[in-house]
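Below, each chain spelled out in residue letters.
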Amino acid sequence: MPESSDRDVLIDVAEQLFARKGVHGVSLREITLAAEVRSKSAVQYHFGGRDGLVREVLARRGETLRVRRAMFLEQIVVAGSEAEPRTLCKAIVEPYCEFLESGPGALSYLVIVREVFGDPQYAYEDLPSVFADPLLPVLVTRLLAPLGLPDPVAGERSLVAVSSVVGSVADRARRQLDDTSTRPLAPVPLFVSNLVDMLESAILAPVDPATMRSAALGPTPEPIGKSNVNTSTRTTS
């Protein structure tokens, strides 16, 4: 097998196994054997280790997210609807949901996104870089900005809202991958529109006075959509 294709095959196989067994539930040796590459150190050679492989798996489809979000932002600016919350919510939700109709590999990607989003190994400020999705924080920033929320509330609200979207889409993806599932699935257009409704409601929910009092008591979480988000990468073997 030519060296140039080893890398692509390793990414394909890792995407499947990471989704099925978890990012930390499969050994690099298992990935190498399943990919049928000759070198036992192929993952280390091509990606520098597990973290590099995870990032490459995510980056491959992350470019699709970036392009779709850029198209949404362009449409928003042209239409002069930059401040409309629903339009911004659609720009967050719909690019994820397009993967639901793009085959098993894309479904596996969504499952992996959810796991990595919840993995404490990755700081929240690093996630746009890890996912190769730099426009997500831009959209979240624009969505939150008109609300004038204190940073602690904005931080919690953005994290809960985005993680709920990612979790819902990943749950749907996992069920589509499971041939034994007997649970009925809503049509994709209904699923997507309802998820946009829920994201908009979550972001625009009134802030109770008790929430404001609590926000003043503890440390300030970093909003995932803060405009000065750090997108530097880390390399972990």
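This text follows the structure it describes.
Residues numbered from 1 in each chain as written. Predicted model: local features only at pLDDT ≥ 70, side-chain atom pairs only at ≥ 80, totals over all residues. Heavy atoms only, no water.

## Points about the overall build of the protein chain
Here's step 1: Scanning the protein chain for helices and strands turns up 11 helices and 0 strands.
Here's step 2: Sequence-ordered secondary structure for the protein chain, helices as α and strands as β, is α-α-α-α-α-α-α-α-α-α-α.
Here's step 3: Buried positions account for 44% of the 237 residues belonging to the protein chain.
Here's step 4: Counted over contacts in the protein chain with a minimum sequence separation of 6, partners at least 24 positions apart contribute 77%.
Here's step 5: Of the accessible surface of the protein chain, which amounts to about 12000 Å², a share of 54% is contributed by carbon and sulfur atoms. (Helix = DSSP H or I, 4+ residues; strand = E, 2+ residues; numbered from the N terminus. Buried < 20%, exposed > 50% of the residue type's maximum accessible area, 1.4 Å probe, protein only. Contact = heavy atoms within 4.5 Å. Areas by Shrake-Rupley, 256 points an atom, 1.4 Å probe, with all protein chains shown as cover.)

## Focus on the packing of aromatic side chains
Here's step 1: The full count for this structure, using the stated rule, is 2 aromatic pairs.
Here's step 2: Measuring from centroid to centroid gives 6.2 Å for Phe117 and Tyr124, while their planes differ by 55 degrees, and the two rings are tilted.
Here's step 3: Since its relative accessible area comes to 8%, Phe117 is described here as buried.
Here's step 4: When its relative accessible area of 39% is taken as the criterion, Tyr124 is described as partly exposed.
Here's step 5: Taking NZ or CZ as reference, Arg69 lies 4.8 Å from the ring centre of Tyr96, over its face. (Phe/Tyr/Trp six-rings, centres within 6.5 Å; stacked < 30°, edge-to-face > 60°. Lys NZ or Arg CZ within 6 Å of the ring centre and 35° of its normal.)

## Re the pattern of salt bridges
Here's step 1: Throughout the structure, instances matching the rule amount to 12 salt bridges.
Here's step 2: Two residues, Glu98 and Arg68, come together in a salt bridge whose shortest N-O distance is 2.6 Å. Placement of the pair is Glu98 in helix α5 (residues 85–98) and Arg68 in helix α4 (residues 50–79), with a sequence separation of 30 residues.
Here's step 3: Judged by relative accessible area, Glu98 falls into the partly exposed class, the value being 33%.
Here's step 4: By relative accessible area, which is 18% here, Arg68 ends up buried.
Here's step 5: One connected set of salt bridges, linked through shared partners, spans Asp12, Glu15, Arg60 and Arg61. (Salt bridge = Lys/Arg side-chain N within 4 Å of Asp/Glu carboxyl O.)

## Section: unusual backbone geometry
Here's step 1: Even without being a glycine, Glu36 presents a positive backbone phi close to 60 degrees.
Here's step 2: Relative to the elements of secondary structure, Glu36 occurs in the loop between α2 (28–35) and α3 (42–47).
Here's step 3: In this structure, Ala132 takes a positive phi of about 50 degrees despite not being glycine.
Here's step 4: Relative to the helices and strands, Ala132 resides in the loop between α7 (127–130) and α8 (135–144).
Here's step 5: Residue class for Ala132 comes out partly exposed when judged on its relative accessible area of 23%.

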